[in-house]
Structure formats: C-alpha cells, structure tokens
Amino acid sequence: MSTHVAPIALDFQEGIDRKTLRRLRDRFLVVNQQRWDRAHSALSYRQQMVLEVLPLAFHLNHPALPGYLDSDCPYGLSHYQPSDSTINAARRLARTFSLKDEGKRKPDLDAMFLMGSPGTLGHSVASDLDVWLCHRNDLPDRGIHCLERKAERLARWAESFGVELHVFVFCAADWRAGRQRAEVTGENCGSAQHFLLLDEFYRTSIHLGGAWPMWWLIPAEQEARYDQCMRKLVDCRFIRADEYIDFGPVPSIPEAEFLGAGVWQLYKGIDAPWKSILKLLLIECYARTAEQALLSSEFKQAVFQGETDADTLDPYVMLYDRLESWLSGPEVASRLDLVRRSLYLKAGLPLTRSEVSSEQWRARLLRKLVECWGWPESTLAELDARQRWRAEDVATLRRTIVNELTHSYRLLSKMAREHGQRAAISDSDINLLGRKLYAAFQRKAGKIEQINPGLAPSLVEENLAFHHQSEQGGDGEGWLLYRDLEDPADAFWQPVIRRSGNLAELMVWCYCNGLLARSTRLNVRSGTSIASVSELREMLDALSGFLPFPIAPAPRESLSRGVRSLRNLLLVNVGVDPQAHLTDKGLHKLSARHDSLGFSGGRENLVISIDQITFNSWHEVSLQHYAAGDTLIQCLKNVLASVAASPFELPGIQVHCHNRGHGSAIARRVQELFTDVLRPFFAGGAGPHPLRYVIEMDRRYFLLQFNGLEPGFVALESLDALMEHLALPQERYLPVVFDRYALQDEPALRAVCQASEPDNIQVFFRVLGDRARLWVVDELGSVFGWEQAVNSRRHLLVPVLRFLDNLVERRLLRHTDSPGVVAAVQCYEIVRRDGSWRAEYRPESDSGAPLPGLEVQAVGIHEGGSRLRFDIFCGEQEFTVQEYGDQLIPAVAHYIRSLRLSGEVYPVYLTDVHLPHDIDPRVYQQHIQTSQYLYYRSVLEDSLNRQLARGR
C-alpha cells in the first residue's frame, strides 16, 4: 500500500472542488481503517466481538442485541451501514437476529468514535475502550438518560468479555458550548479540560459509524478561520451538513486549561503513571512552546500533505517525537530518559521475550524506536523484568515518578498564577482531585506509604526475615526487614529492605504494599524482644480481616466530603509479655480479679503498648504507636477526637492481642472499653455529649471529658482525689458515667451517679450502723460526698436539707424571672436489693422545728488577694474577721462550748453559707454552684468541730 500520495490543497478564496473534498475524506478514512484494524487485532477473539457489535447495538434497538432496555430508547446511527462481519458477529450472539429496513426514520444518533490508545503503540492488553456517542441536539432529556443507562448496561456486558468499556453520551452542540454533563470520575475529566481533550480526540479517534468530523476538511493553516470555512462548505453545499459532525476547532490551548489538566493528569497518574507522565509533559510542552502547532494540527497537516502511513501518524510516536525535540538539552536528559521508559512500559511489550514476535506491528515499531534510543540489552532486560521488581526498586521508581509529576504540576500552577488565569476547572472538581492527590502522595506522620501504584504486577516475597536490632549487636529497639535470610549470620552483608522503630509498623507496611501474603515464609530473630512467627501469623490474619488487599481507591462520594476514620485495628502488646514484671515479682496471679486493666491483687494494667491502625474515608492507612505513659488512655483520647469531627457514624473498632499471657481476655477488655466509652459520648449519631467518664486502671482513676470537640483526661491517684475532682464546679450539667469495671468496691457511689438528674439538687445517703455516708449531686452534676456519725435519721438529714433549702430560697428570691435557674431538693437512700444497688426516693422534708444548738451562718468576704475569709454568726452573736483575725474559729468554738451543758458532745452544723460572686477574684461568677457552698460548709464545719474536740 502506498503511504504517501499527492498533497491536497484547499483554497477557500478561489473555489473548492467536491471531488477533492471526497478524496480528502477518503484519505482520512484510509488512516482510520488502518487504526481500526490495529485496534481490532490487539483484542482477543471474544473481545473483538465487542468492538464489532458496539455500533450496531446503538444503531438498532433490538431485544436480541446486548444493552437492550426498552422499545422507547433512542436509536439509529446516521448514515451507518453495518458490514457483513458486524452482522455475522451479531448472529453469533443471537441466532434470531436479522437486519430490518427502518425506512426513512430520522436517526437519533449523529456519530460514534473510539478514542485514546486503541490502534496505537500505546495500546496494551490492559487498555480500556473510551467511546464518544453523539446524539442529535434536540433529543429530550428522557432519551439522553435512557442512552446513558444503555451505555452502562453495555459496559457491564463488555466486562464479561474482559473489556473495560466507557461510553460518554453527549451532543456536539453541547460540546462546542462547553456544557459538561459529567463530573470527574475515574475516566471523565469533568471540567478539567476541553481543548486539550479535543486535541487528543482529533489525533487519536477512530470513526466507528455515523457522521464524519467536519474538522477533517478544514486545513490546519485555516484553523483560526474554522467557522467561516465550515459555513462556506455547508452553505455552498460543497458537503451535506448531515454527513458531518462539528466539534469545533483547536487553534491553541487556553492558558486557563493548563492547571486543571495538570491536576487531572496527576489524578490519573496515581493508578496509571506511565501514560500520565507522557501527557503531563506534553501539557507542559504546549504551555512552554505556545508558538508551535498542536499535535492534532500536525497530524492533519501530514494527511493533507499525503501521509497515510499508520506508523508515522501513530499518536504515541508523534507525541514522543515532540517531547524528544523539546527535551533536547543535556540538563533535561533524565526527563527524556523517563519519557522513553514511560513509553516503553506503557506499550507493555517485553522485547527480550521470545513470545513477542517481530512480525507484530507494535513490536516492530517499538523496536525501531529502541534502536534509535541506543538502549543496551541490559536496560531492556531491566524493564522487561517488571514481574521480578522488588520493593526497593519500586520505591525508588515511585519517588522519581512523583517528583516528575509534581515538578510539572508546579510549573503549570506557577504559569497559571503569573498570567492571572483561573484554572478551567470547577471548584468542586479541583477540590475532589486535590483530595485524591493528597491521599495518594502527601506524606504525614504515621501514614503508611503505598509504593506500588501500578508500577509492578506484584511485590510478594517468598521469604521475609524480621530481625530485632539487638540481633546486630546494637542496643536499639528497632526492627530490620530482609528477604531470603535463612542464616542470621548473613544479615551483616545482606541489604535491608526497610527499617522501622516497631514491629507492627513494619508488618503493616509489608501487608499494605503486597510484600506479605499467606504463602510468604516468615523468619523472626527477636533479640531482646519476644516476638515470634506465630505472633506475626496472627497479626497477618488480623490485618487481612481488617483491610482487604489490594486497597481499592476511594470513591467520589467519600472524596467529596471531609476525611473521617472508617475503622481502627488496635494491635495490643506486639512483641511484649504484659506479665513479665509480675512473674519476676512472683505476683503472677494473687486474686480473683480478671479485669485486664486492673489484674490480680496488684491491680496491674496488662496493656503495655498499642499500635493503632486507622483506615479512613479517603482510603489512607496510618499507624500510631503508643508505648510510653498511659498508652490506652492516649489511644482512646485520639480515637474520641477523630470521632468528634464526624459523630454521625462511629468507626469500627477491632482489637487483636497475641494469644500469650491472657491475650484474648486483654483484646476483649480493650474492645469493651472502646465500645463502652464511644456509646455515651456519641449516642444517637451526635455529640460529643457532655459527660465525665471514669475509668479505673492500674490502681488509678482516669476521668475523660470533652472541651468543645477536644477530648482530654485527668489522671487521679486515689479515690479521695477522684472525689475532690468530681466535686469541682462545672460550666454545664455533666453527669458522671463509670466504666463497667470502675469502682467495683464502691457500688453505692456508682448508684448515686447513675441516679443523677439535671436541674435538681439530690441528696443520697446510706446508713452503716452508727455512721452514714452522704452525697449531694448538684444541679450541674458535681458530686460532693462525706461521712459522719449518726444518732437518728432526722439529725442525719435535717441539717443538710435545711442548708440546701436556704440556698434554694435565696435563688428563688434572686431569680424570680428565671425559674429554670432554681433547682429542687430531692432525697434518696442507697440500698441493695436483689443483688444490685439502687437509689430509692425518700420524701424527707425539713419540718422547720428547731435543732439542738444554734443557727450558725457564715458570710464570705475577701481581704484582698485571693484569700477568702468568713464572718460567722451564732444566733445573734457576731464574730468578724476584722475583730478576731486568725483567732476567729477558736473564738466561735469557745462561745459554742460555753452555751452547752457540761459534757455535751455533738457536732456543729452550719445552717447557711453566703459566698461572694468573686470567689476567684479574676472572674465574676454569676451563678455559684451548690457544690461550692457545700465545700466551704464542710471546711468550716471541720475546723469548728476539731476546735471543739480540742477543748474537751
């Protein structure tokens, strides 16, 4: 076949010949046929059927053909006549199929094209088929949606033949007007680019049926006058308008497109780096050499000049030639080398293998290029050995690729800023793409880097050896990863695949990057650690159940929202024996306490370390290691913080602990704790709700609560310290919730807090012989407790009830217009019934009858600074700080003693306390809490009663 014929020149000024136009059209169709034949030959027999039948499936709305929906679906491809091979392919699918004459019905579809890599050097077995289906511009929305559904159904049918098919449905008028129906998806660039995509379409498309591109008939040098030339061809009837479809000209690429297109190619480069590198560099080349013609224009010019050779006009060959010409200096030799490697790997033809026949056109064309590059056989052997690439090779290559992708993107971004151009991409699309890029490329603390974004088919290792650093004679706690290391002595001269500070991180990195599979043989040299092969096997099982490999890309819906944690895997005590220190002390098990956070008689915490693996909605994997301080509480706090940002759906929590030293019990206890804590804070898919959560662990108490969206905790060393903290004033009502194992020895206190209600003052008591314990839970949930002697229930409750009634009365007088501020006083007795502790209501009331002794009141005053002093009134007798100073308490005690009969011993109870609103001189406290009054009442009563006891 002749590949070069006489040039064709169209002179729109002097006149145009219809015969010349037909010759020109036929010349493009010659190139088109060669590309179709090449695309067809690259597919398997079954896959060829998809390409054959696809135009017919849209041309006819036939129930026997794939993709059929209903009788109302638009159909009919303009000027389409199926070939005999197409009809035969349809009959192989459905024996009853027959072609019927539709008469002169107006077709609904203008044209169909295949675009991209099919029929080119860049096409490989993994390449997909991108099809443009163009409908007439007056088609109603219902018909368009029906076509889109049919396209989806055909894509599923093609998938059954091993073909990835994408059909984009639109009309030429919408395309020219820039009206985008589609958003960014895996295969649609959304609003990111228009002219760049049209440039690619014109130089790569294969006409499958319908109207031909009007662009074919407009000379490259007339691109700026495209519309005028097109109108002349149509208006003067040199062509029939219905035989051609018009997508418009591509005179140049607007600067506004470069940034959006660069972001899009980075997005695509995450999963298909070789193709994206070539395209991104072409975009940069276009941006830097605006004076040069576009490749589509160069392609059209070559056809006009008589070139029809498919090799010469191959889009990837033309792209490479342009980049080679641009990257001609020694300072960019490394970039040119990356271009060559990208083209070679994109082609996917291992030239060093015997199964690649030199008779195949792609192999012949690629070998011709390689010979021009002067590559040695060793370079080909290295690239052809992708199946055997190791993690180190891939990691190095990935860094090179990421550097190149980001380098090009930054240059394009800089150019867009310098020219003051907004990117031709919608804000929503650029946000979506930006999040995808961030998730794939951004480094951050704890993130597990995924090093193999489609670079090598597999990185699975047959043998992996995990060596503790102490095995190498060092005193560190890190781990080293080797391959094929049967003899530990060989470690000194074997290369290290990876180093890590802890074993869990090394395992997760291996798993997420595909080095580690169930078939991998493991070897562990634990040194000063106690890790074992069985522990690693268990960890691998836990990881497999937590996160399937390979990790799927995040869906658009997830990327369109803020990132949130989807699930967490907590690996507890990796390489650690939690009972080693107990065994050394001979304290392995000295009681019946089975709580893993307060184990045995010493109430030891068996959670020594935690490795928290998080999988988030952007499909990032991260690991945080907790091994110092209060590891469990720190981990719990961080999980609470992540949930607070999006409480509508709680993340999953899985816990794994090696079956050593109560491992299953530890895992179960940690699982219970996280579930129990998350439930009250985020009940109903909202929160964080205001409350204080108490955990008992390791002979201490931890109190968790939120300040806004930020969780925090307080560690308290004793029960007394906990009670002091629970009595502190609050800004709002904060109930106290106890963990299921907390304060098992204090069931009465648990019952008190469980019965707490907002906007009430609740008095709880429990009588134990001649002693009683009392608690007051105030209107904001603060808990104040004490113990005292008891002679009768009346004398037990009336003093505190009278004191509280006085507070309530004062509040009523001050806030008559705000009844909600005033709290009622209720009384409960803590009892044990049927094996459980509960609070039972006791309608106790103060009858107002006089109590033995005096009415004792205290009025707080400031003497300057932060010291709070009190004037005390005993009946009508006044004792002031100004008069008595530091002798105030002894003076009051002496007065009270003088009024009592000889030998009478009973405590003093304050019936009222007044506090200033500036208890803390730095702030003015509008509403003083009941617990604050109770605190100062207790302090004064203790001081007076101690002084009375001294004077006996």
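Computed from a predicted structure; not experimentally measured. (Residues numbered from 1 in each chain as written. Predicted model: local features only at pLDDT ≥ 70, side-chain atom pairs only at ≥ 80, totals over all residues. Heavy atoms only, no water.)

Caption draft 1: Expanded view of the pairing of strand 17 (residues 710-716). Relative to strand 17, strand 16 (residues 700-707) is paired through seven bridges, and the arrangement is antiparallel. Paired with Gln705 across the bridge in strand 17 is Gly712. Here strand 16 folds back onto strand 17, and the loop between the two strands holds two residues, one of which, Gly708, carries a positive phi near 70°. (Pairing = 2+ DSSP bridges. Helix = DSSP H or I, 4+ residues; strand = E, 2+ residues; numbered from the N terminus.)

Caption draft 2: Layout of the packing of aromatic side chains. What the rule picks out here adds up to 31 aromatic pairs. With a centroid separation of 6.3 Å and 55° between ring planes, the pair formed by Phe170 and Phe247 is classed as tilted. Of this pair, Phe170 sits in strand 3 (residues 165-170) while Phe247 sits in the loop between strand 6 (244-245) and helix 8 (255-269), and the two are 77 residues apart along the sequence. Across this residue pair, the class does not change: Phe170 and Phe247 are buried. An angle of 55° between the planes, with centres 5.2 Å apart, marks the rings of Tyr320 and Trp373 as tilted. One end of the pair, Tyr320, is in helix 11 (residues 315-326); the other, Trp373, is in helix 13 (residues 361-373), with 53 residues separating them in the sequence. Accessibility classification places Tyr320 together with Trp373 in one group, the buried group. We note Arg25 situated over the ring of Trp212; from NZ or CZ to the ring centre the distance is 4.5 Å. (Phe/Tyr/Trp six-rings, centres within 6.5 Å; stacked < 30°, edge-to-face > 60°. Buried < 20%, exposed > 50% of the residue type's maximum accessible area, 1.4 Å probe, protein only. Lys NZ or Arg CZ within 6 Å of the ring centre and 35° of its normal.)

Caption draft 3: Fine view of the pattern of salt bridges. Applying the stated criterion across every chain yields a total of 49 salt bridges. For the salt bridge of Lys106 with Asp138, the shortest nitrogen-to-oxygen distance reads 3.7 Å. Placement of the pair is Lys106 in the loop between helix 3 (84-93) and strand 1 (109-115) and Asp138 in the loop between strand 2 (129-135) and helix 4 (141-159), with a sequence separation of 32 residues. Taking relative accessible area as the criterion, Lys106 reaches 54% and is therefore assigned exposed. Classification of Asp138 by relative accessible area gives partly exposed; the value is 43%. A salt bridge links Lys279 to Glu200; the nearest nitrogen and oxygen atoms lie 2.9 Å apart. Of this pair, Lys279 sits in helix 9 (residues 273-288) while Glu200 sits in helix 6 (residues 195-204), and the two are 79 residues apart along the sequence. In this pair, the class of Lys279 matches that of Glu200, namely buried. Through salt bridges with shared partners, one network takes in Arg105, Lys106, Asp108, Arg136 and Asp138. (Salt bridge = Lys/Arg side-chain N within 4 Å of Asp/Glu carboxyl O.)

Caption draft 4: How the structure looks around the side chain of Glu840. With respect to the helices, strands and loops of the structure, Glu840 is situated in strand 23 (residues 836-841). We classify Glu840 as buried; its relative accessible area is 19%. Among residues more than four places away in sequence, those in contact with Glu840 are Cys827, Tyr828, Glu829, Val831 and Arg833. (Contact = heavy atoms within 4.5 Å.)

Caption draft 5: Main features of the sheet that holds strand 17. A sheet is described by the order of its strands in space; here four strands give the open sequence 17-16-15-18, paired in mixed fashion. This sheet does not close on itself; its edge strands, each paired only once, are strand 17 and strand 18 (736-738). The mean angle between the axes of side-by-side strands here comes to 25°, regardless of whether they run parallel or antiparallel. Pairing analysis gives three bridges linking strand 15 (residues 692-697) to strand 18, with the strands arranged parallel. For Tyr693, the partnering residue across the bridge sits in strand 18 and is Val737. In this fold helix 23 (residues 719-726) packs onto strand 15, strand 16, strand 17 and strand 18, with an angle of close to 20° to the strand it touches most, strand 16. (Axes fitted to C-alpha atoms, helices over the stretch in contact; angles between N-to-C directions.)

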